[in-house]
Amino acid sequence: MTRKKTMAVLLTAGIVLGVNGVYAQGPPAAPNAQSATAFDNKIIKKISADNMYNTIALLSAQPREAGTEGELIGVQYIKSQFEKYGYETELQPFKIYDTVKGPRVGSLVINGESLNPYVFSGSYSAEVTAEVMNVGLALPGTVPDTVKGKIALIERGTNPFVDKVKNVLEKGAVGVILYNNTGTANNVGVADPGQNIPAVTITRAQGLALVEQLKNGPVSAHVKVTGSGYIEKTSYNVIAKMKPNKNKDTGQVVMVGAHHDSVPGGPGANDDASGVSTVLELARVMANMPIDTELRFVTFGSEEKGLLGSYHYASTLSEEEADRIVAHFQMDMVGSKDAGGNNPAGGLIMYTIDGKKNLVTDLGAAAGARTAAAEAIPYGKLGRSDHQPFHELGIPAALFIHSPLEPWYHTPADTIDKIDKNKLQETAEIVGASVYQIARPDTPALKNARVAPVLIDYDFENRSPGA
Ligand code: BES
Ligand code: ZN
């Protein structure tokens with residue numbers, strides 16, 4: 001913020017008073033520096049780094065691993081803040097699956113003989129005793145209704161394992177014995193979450209012997225699986241919307257996002273309570289601004305489990321709705337005092353999935369030059385966060401992050417004492433000014449989300465975040 005003040009003087013004065021009272025040209029401003037517009041000031045003057053810092057302190061009081069009580073506490077706080085600011089707010093739940101942490105053990109007993117089966121990866125843990133029924137390859141439409149209540153004997157081949165399990169499960173089978181279609185091994189087979197019957201694999205020789213036995217009359221089997229399968233949990237996205245005035249509505253939507261979940265056992269102050277704090281602060285300062293574009297602030301769950309929340313959110317958008325979204329600004333790790341190295345703008349960079357500029361980076365680079373950072377922000381190429389699903393929908397998207405990363409990344413030491421208010425402030429100003437440039441009523445609607453106006457020179461950087 002000190003840097004900003006210096007710059008503001010240079011920019012507004014342009015010339016400064018020399019020692020001998022003669023007007024002289026001041027030192028040159030940073031090449032790209034420009035002054036904040038009156039419009040920018042409507043946003044950036046209201047941003048409070050203290051607010052953001054307090055949000056991070058609150059959220060990082062406990063880990064927020066997706067599907068745990070910690071996530072829920074965070075989610076409820078975020079929702080209550082959005083509501084307080086007057087947003088139409090929604091908790092969007094979705095199912096996630098944790099794998100049971102073994103040891104994965106299976107047994108199969110037929111006619112008193114103990115076989116040593118392989119357990120399907122992901123097989124449900126359960127124990128059943130039932131009659132065995134040969135259902136061949138278990139292809140769609142070929143499984144008889146009479147498999148109900150029985151253990152299905154299935155030959156490997158033609159279709160994926162999970163499809164075979166699905167086909168017998170639909171007919172009421174209570175277990176699966178798969179036999180290989182080649183060789184002497186048995187170590188194959190995969191089950192999906194929700195396929196709640198035990199599934200084991202035997203060798204081809206064992207399978208063919210069983211097929212023969214079944215020709216002579218009923219055969220009963222005992223199948224038991226332990227230490228395997230999935231535990232179903234619920235994770236959430238928090239969605240806050242602000243619709244523009246009805247008689248001045250471009251029909252377009254601009255999105256600002258972060259993820260609220262942390263890694264297990266990590267307080268996730270920078271990753272990504274920092275991004276959430278920025279989302280909440282921008283929601284607060286924009287709450288009563290005149291707009292002609294819908295504002296949508298979202299915090300995603302289960303980012304750390306594989307971008308599950310943002311993919312879920314993206315999957316709920318109709319094509320028409322996805323087309324109305326003209327930009328997605330993702331903030332993930334925007335407050336660490338130990339990140340960014342010696343790079344300009346505290347190391348802030350805008351990563352896109354394809355390494356190309358887009359509307360978001362154009363606006364962000366220009367806003368960087370006009371606000372606290374007083375520098376055009378570079379762009380680079382990286383995924384690893386929730387901008388990915390939006391990019392895949394054809395929506396201009398970028399990840400705002402300080403790169404290279406801090407040493408505390410994904411450790412229990414990612415705590416509030418490593419947070420730098422100045423970094424939060426700069427990022428919030430840049431994203432806030434960019435978003436408001438789209439949403440304020442005097443700027444025209446964007447003709448096409450895929451065509452970005454070129455506003456300023458800014459550079460590609462091949463900067464690796466490390467870790
Ligand atoms: N905040 C990180 C994203 C990140 C990490 C960006 C390093 C740039 C450099 C994010 O929360 C994360 O850890 N993402 C995972 C990938 C995700 C698909 C599980 C990662 O990068 O390992
Ligand atoms: Zn993150």
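Residues numbered from 1 in each chain as written. Chains lettered and ligands numbered in written order. Predicted model: local features only at pLDDT ≥ 70, side-chain atom pairs only at ≥ 80, totals over all residues. Heavy atoms only, no water.

1. Side note on the sheet that holds strand β9 (residues 175-179)
Taken together, the eight strands give an open sheet; going across it, the order is β5-β4-β11-β7-β8-β9-β10-β6, and neighbouring strands pair in mixed fashion. Single-partner strands in this sheet number two, and they are β5 (113-115) and β6 (118-119). Sitting on the sheet, helix α5 (residues 161-170) is in contact with β8 (151-155) and β9, with an inclination near 145° to β8. (Pairing = 2+ DSSP bridges. Helix = DSSP H or I, 4+ residues; strand = E, 2+ residues; numbered from the N terminus. Contact = heavy atoms within 4.5 Å. Axes fitted to C-alpha atoms, helices over the stretch in contact; angles between N-to-C directions.)

2. Considering the side chain of T299
Mapped onto the secondary structure, T299 falls in strand β14 (residues 294-300). A polar atom in the side chain of T299 sits 2.9 Å from the side chain of H260. In this structure T299 touches I78, Y236, N237, V238, A258, H260, V276 and V279, once residues within four positions along its chain are discounted. (Polar contact = N/O pair within 3.5 Å; in protein donor to acceptor, adjacent residues only side chain to side chain.)

3. Side note on the pattern of salt bridges
All chains considered together, the criterion is met by 20 salt bridges. The partner of K171 in a salt bridge is D145, and the shortest N-O contact between them spans 2.9 Å. Of the two residues, K171 is situated in the loop between α5 and β9 and D145 in the loop between β7 (127-134) and β8; the sequence distance between them amounts to 26 residues. The salt bridge involving R463 is made with E461; its shortest N-O contact spans 2.9 Å. Under the relative-accessibility criterion, R463 is labelled buried at 9%. Bridged by salt links that share partners, the residues E65, D98, K233 and K305 form one connected network. (Salt bridge = Lys/Arg side-chain N within 4 Å of Asp/Glu carboxyl O. Buried < 20%, exposed > 50% of the residue type's maximum accessible area, 1.4 Å probe, protein only.)

4. Section: the coordination of the zinc ion (ligand 2)
Taken together, H259 (NE2), D271 (OD), D332 (OD) and D332 (OD) make up the protein donors of the zinc ion (ligand 2), found 1.9 to 2.6 Å from the metal. With six donor atoms in place around the zinc ion (ligand 2) and angles of 53 to 166° between them, the coordination shape is irregular. When the donors of the zinc ion (ligand 2) are listed by position in the chain, the intervening gaps give H-x11-D-x60-D. Of this pair, D271 sits in helix α7 (residues 269-286) while D332 sits in the loop between β15 (325-331) and β16 (348-352), and the two are 61 residues apart along the sequence. The class of D332 is buried, set by a relative accessible area of 4%. (Donors = N, O, S within 2.8 Å, 3.2 Å for Na, K, Ca; no water. Tetrahedral: all angles 85-135°; square planar, octahedral: opposite > 155°, others 65-115°.)

5. Focus: the packing of helix α3 (residues 49-59) against helix α12 (residues 421-439)
Viewed as axis vectors pointing N to C, α3 and α12 meet at an angle of 115°, and their least axial separation amounts to 9 Å. In terms of axis orientation, α3 runs roughly perpendicular to α12. For the pair α3 and α12, the sense of crossing is right-handed. Touching A49, D50, M52, Y53 and I56 of α3 are K421, L424, Q425 and A428, all from α12. Residues that form the contact of α3 with α12 fall into these classes: six nonpolar, one polar and two charged. (Parallel < 35°, antiparallel > 145°, perpendicular 65-115°, else oblique. Left-handed = near helix turned anticlockwise from the far one by under 90°. Nonpolar A, V, L, I, M, F, W, Y, C, P; charged D, E, K, R; others polar.)

6. As for the site of ligand 1
The full set close to ligand 1 counts 15 residues, and E303, D332, R384, Y409 and H410 are the nearest of them. Side-chain polar atom of D271 to a nitrogen atom of ligand 1: 3.1 Å apart, as the coordinates give it. In the environment of ligand 1, an oxygen atom lies 2.7 Å from a nitrogen or oxygen atom belonging to the side chain of E303. If ligand 1 stood free it would expose 500 Å²; the protein chains cover 84% of that surface. (Near = heavy atom within 4 Å. Areas by Shrake-Rupley, 256 points an atom, 1.4 Å probe, with all protein chains shown as cover.)

Everything listed here is a matter of geometry and, on its own, says nothing about what the molecule does.
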